Amino acid sequence: MLSKVSLVGVAAISRLVLQLPWTQVGLSVFCFYLAFGGWRFIRIIWKTLGRDIFAGTVLLKVKRKVRKYLQERQTVPTIFASTMKRHPDKTALIFEGTDTHWTFRQLDAYSSAVGNLLQARGLVSGDVVALFMENRNEFVGLWLGMAKLGVEAALINTNLRRDALRHCLTTSQARILIFGSELSSAVCEIYSTLDPSLSLLCSGDWDPNSVPVGSEHLEPLLEKSPKNLPSQPDKGFTDKLFYIYTSGTTGMPKAAIVVHSRYYRMAALVYYGFRMRSTDIVYDCLPLYHSAGNIVGVGQCLLHGMTVVIRKKFSASRFWDDCIKYNCTIVQYIGELCRYLLNQPPREVETQHSVRMALGNGLRQSIWTEFINRFHVPQIAEFYGATECNCSVGNFDSQVGACGFNSRIISFVYPIRLVRVNEDTMELIRDNNGVCLPCGPGEPGQLVGRIVQHDPLRRFDGYINPGANNKKIAYDVFKKGDMAYLSGQDLIPLSLDHYHCPSLLFLLQFLFESWGNVLFLPPSGDVLVMDELGYLYFRDRTGDTFRWKGENVSTTEVEGTLSRLLNMVDVAVYGVEVPGVEGRAGMAAIADPKGGCDLTEFTKALEKELPLYARPIFLRFLPELHKTGTYKFQKTELRKEGFNPALVQDPLFYLDTRLCRYLPLDSKAYVRIQAGEEKL
């Protein structure tokens, strides 16, 4: 309760204020605001207002189009049909491998033939067809043709083998498997264990002796199939389009559901946010079974009429030659590819291209400027997002090192937030009330973003297996009683009340946060930080996953495979940093008290069981692995010690990729690896 003196003082101040002109009152309030730290908020407004206004217009433009397509029940095939009508004879796709050019008319005819063939085979809307094929034009035509009929494609990672491949085919409940002839051996390995009712269609070079019994050659069937539009399904903008398999951060790969609206949102935000043009030519050397290559890249062709050059696989030595040959103006990348390009010997050709933009994610700040200066690429269009997430960010103004931003002035317009986590375990840190703690600028954390199921821009579609969704739900994230979805990889920011300066928009923030109580918390494993201006920076990938060779590696999956191959011994897998190499190399600590592991046989078994990117680069054999009270491996110390023989007394080995075998890792080998002389 206020004392009489306090009341008298307040009354005196009130009378004084009332006697002042309103201009003086306003000036006094403003000075008071600045005196208590508000000048920092004024600086933020001055520095970011133009950026935020542009981002707001992009968001509104995409939101209007999404609302329109939702009302009209549009789909990716119907939007493509409109694109095709605008310029039917323009080149849509170019496959670098055979220099094959497809016009929009040809892509339309091919995809219609696919739809009619599947319809003749009895497939209907809602059925699933698995697609297991390396990059080429036909990949796009096949899933687009399926979508025309309402059939959902399961896009299988071409690196998967045996158990993981069988798992993807089984969980998708596919009625047909279309596979490339280059992957026949992988299909043959699991054919006997597949459902006998699964039909097999092989695309590419046909050799009856190298495919499973009962397989049919796809190309002759498509030649006979009608090229007119198949009968249209009753599909809308929020219905399923296809499935993209995650890297299995907690075990086997999970099928993330991509609906038509999600496909459009991801491609459109990139298109408008980075000021792309329909006349641009995109160089796409990323896998088409992932969202970066198939949505962010190919989506510009289907939705906006660009020409996309598809390459079977990335080639550092041919990269700039291809860009010149096809007059590419935009190139796609992941950070690791940029480092490979910088490691190439300088050539004149690398600056004689027409590339104006590099589009992708994972370009580290340490090589950002070097990449721009050496290759004369004016704009780095860095973005951050995940296939299954309901939010993404982009670095629209080329801030060096940033993967995107979120407005600190009007953050409630795009409600994403950064919450504190234990960087070793990725567990959410909570206050005394059990609610998650938001981060301040400079504090590492993990993103949360609100789910609004009726809004295509913010809905969460999850995975095929409902159990995979349930395992990712967190409660009491922002307030008691709310929920959050724990996913596989994304962004950051925080609420205005943690900006360490008074916010005139705090009330709006509070009102906005009171709408709905379902939140989306992206990836387990991605740690980001936000600076004072709202720019977001990738910190690290920890926890149950690490990134190597452009792929997310599941420690749980690799541990299970290695333990099974080694007679169920304890195995702890984690990522370790290697100087000059992007991502983290896999390292396995193996409990082997008797020293009885046959590395030659072990290596042969690994080649059959795990894709190349998931095989451990380093091995450490020790008497036993220490565990927590909940039987989790204690990896923190193992990760800190890494593969340095000066710190580790246990036997160490490294994978020589040229000899395809593990060699002892002594001090001399360690020096060579540190110097980049060993190819990992």
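Just above sits the structure.
What comes next concerns the included structure. As the structure is a prediction and not an experimental result, all values here were calculated from the model.

Helix and strand content of the chain: 19 helices and 30 strands. Here the chain holds 680 residues, and 57% of them are scored as buried. The contacts in the chain between residues at least 6 apart in sequence include a share of 72% that link residues at least 24 apart. Summed over all atoms, the accessible surface of the chain reaches about 29200 Å², with 56% contributed by carbon and sulfur.

To continue, consider unusual backbone geometry. Phi is positive for Arg-162, close to 45°, though the residue is something other than glycine. Structurally, Arg-162 is set in helix α6 (residues 162-172). Although it is not a glycine, Gln-173 adopts a positive phi angle of roughly 60°. Along the polypeptide, Gln-173 turns up in the loop between α6 and β5 (176-180). Using a relative accessible area of 65% as the deciding quantity, one classes Gln-173 as exposed.

Strand β28 (residues 618-622) sits mainly inside the fold: five of its five residues count as buried. With burial as the criterion, each face of β28 is covered, one bearing Phe-618, Arg-620 and Leu-622 and the other bearing Leu-619 and Phe-621. Judged from the five bridges that link them, strand β27 (residues 585-591) and β28 form a sheet pairing that is parallel. Following the sheet pairing, Ala-591 is matched in β28 by Leu-622. Two elements, β28 and strand β29 (residues 652-656), share three bridges in a ladder whose sense is antiparallel. Within the sheet, the bridge partner assigned to Leu-619 lies in β29 and is Phe-653.

The strand order across the open sheet built from seven strands is β7-β6-β5-β3-β4-β8-β9, with neighbouring strands paired in mixed fashion. Where the open sheet ends on each side, the last strands, each with one partner, are β7 (216-217) and β9 (255-259). Inspection of the sheet shows strand β3 (residues 128-132) paired to β5 by four bridges, in the parallel sense. Opposite Val-129, over in β5, you have Ile-176 as the bridge partner.

Ordered by their spatial adjacency, eight strands build an open sheet running β2-β1-β11-β10-β12-β13-β14-β15, and the pairing between neighbours is mixed. This sheet does not close on itself; its edge strands, each paired only once, are β2 (100-103) and β15 (393-394). Set on the sheet, helix α5 (residues 137-149) makes contact with β1 (91-95), β2 and β11 (307-310); between it and β1 the angle comes to about 130°.

To continue, consider the pairing of β5. Burial within β5 is extensive, with five of its five residues counted as buried. Here β5 shows a buried face lined by Ile-176, Ile-178 and Gly-180 and a second buried face lined by Leu-177 and Phe-179. Here β5 pairs with strand β6 (residues 199-203) via five bridges, running parallel. Looking at β6, one finds that Phe-179 is bridged to Cys-202.

This paragraph deals with α5. With 13 residues, α5 ought to run about 18 Å at 1.5 Å a step, and its terminal C-alpha atoms sit 19 Å apart, in line with that. Where burial is concerned, most of α5 is hidden: twelve out of the 13 residues are buried. The complete set of buried residues in α5 reads Asn-137, Phe-139, Val-140, Gly-141, Leu-142, Trp-143, Leu-144, Gly-145, Met-146, Ala-147, Lys-148 and Leu-149. Phi turns positive one or two residues past the end of α5, at Gly-150, with a value near 90°.

Next up on the list: the packing of aromatic side chains. For the coordinates displayed, the defined rule picks out 23 aromatic pairs. Three or more aromatic residues joined by ring pairs form one cluster here, namely Tyr-283, Phe-314, Phe-319, Trp-320, Tyr-340, Phe-371 and Phe-375. Above the plane of the ring of Tyr-535 lies Arg-51, whose end atom (NZ or CZ) is 4.6 Å from the centre. Over the ring of Phe-54 we find Arg-275; its NZ or CZ atom is 3.8 Å from the centre of that ring.

With 83 residues, the main nonpolar core has Trp-143, Ile-178, Phe-242, Tyr-263, Tyr-264 and Leu-302 as its most contacted residues. Element by element, the count of residues in this core is highest for helix α9 (residues 260-273), at nine residues. Setting aside chain neighbours within four positions, we find Ile-178 in contact with Val-129, Ala-130, Leu-131, Phe-132, Met-133, Leu-142, Met-146, Leu-201 and Leu-218. Counting residues in each nonpolar core, the second largest holds 71 residues, with Ala-130, Leu-610, Leu-663 and Ile-673 among its members.

Before going further, it helps to examine the packing of helix α3 (residues 76-86) against α5. Where α3 contacts α5, the axes come no closer than 8 Å and their chain directions differ by 110°. One element, α3, and the other, α5, form an angle in the roughly perpendicular class. Between α3 and α5, the contacting residues are Val-76, Pro-77 and Phe-80 on the first element and Trp-143, Leu-144, Ala-147 and Lys-148 on the second. Residues of the contact of α3 with α5, tallied by class, amount to six nonpolar, no polar and one charged.

Quick look at helix α10 (residues 291-304) now. Taking 1.5 Å of rise per residue, the 14 residues of α10 would be expected to cover 20 Å, yet its terminal C-alpha atoms sit only 17 Å apart, more than 12% below that figure. At Val-298, α10 shows its strongest bend, of approximately 40°. Within α10, 14 of the 14 residues are buried, which leaves the element mostly enclosed by the surrounding structure. Backbone geometry just downstream of α10 places Gly-305 in the positive-phi region, at approximately 80°.

Criteria and cut-off values
- Residues numbered from 1 in each chain as written.
- Predicted model: local features only at pLDDT ≥ 70, side-chain atom pairs only at ≥ 80, totals over all residues.
- Heavy atoms only, no water.
- Helix = DSSP H or I, 4+ residues; strand = E, 2+ residues; numbered from the N terminus.
- Buried < 20%, exposed > 50% of the residue type's maximum accessible area, 1.4 Å probe, protein only.
- Contact = heavy atoms within 4.5 Å.
- Areas by Shrake-Rupley, 256 points an atom, 1.4 Å probe, with all protein chains shown as cover.
- Pairing = 2+ DSSP bridges.
- Axes fitted to C-alpha atoms, helices over the stretch in contact; angles between N-to-C directions.
- Expected span 1.5 Å × (residues − 1).
- Phe/Tyr/Trp six-rings, centres within 6.5 Å; stacked < 30°, edge-to-face > 60°.
- Lys NZ or Arg CZ within 6 Å of the ring centre and 35° of its normal.
- Core = buried A, V, L, I, M, F, W, Y, C linked by side-chain atoms within 4.5 Å.
- Parallel < 35°, antiparallel > 145°, perpendicular 65-115°, else oblique.
- Nonpolar A, V, L, I, M, F, W, Y, C, P; charged D, E, K, R; others polar.
- Bend = angle between axes of the 7 residues up to and from the residue.

So, to be careful, I would describe these as geometric facts and stop short of saying anything about function.
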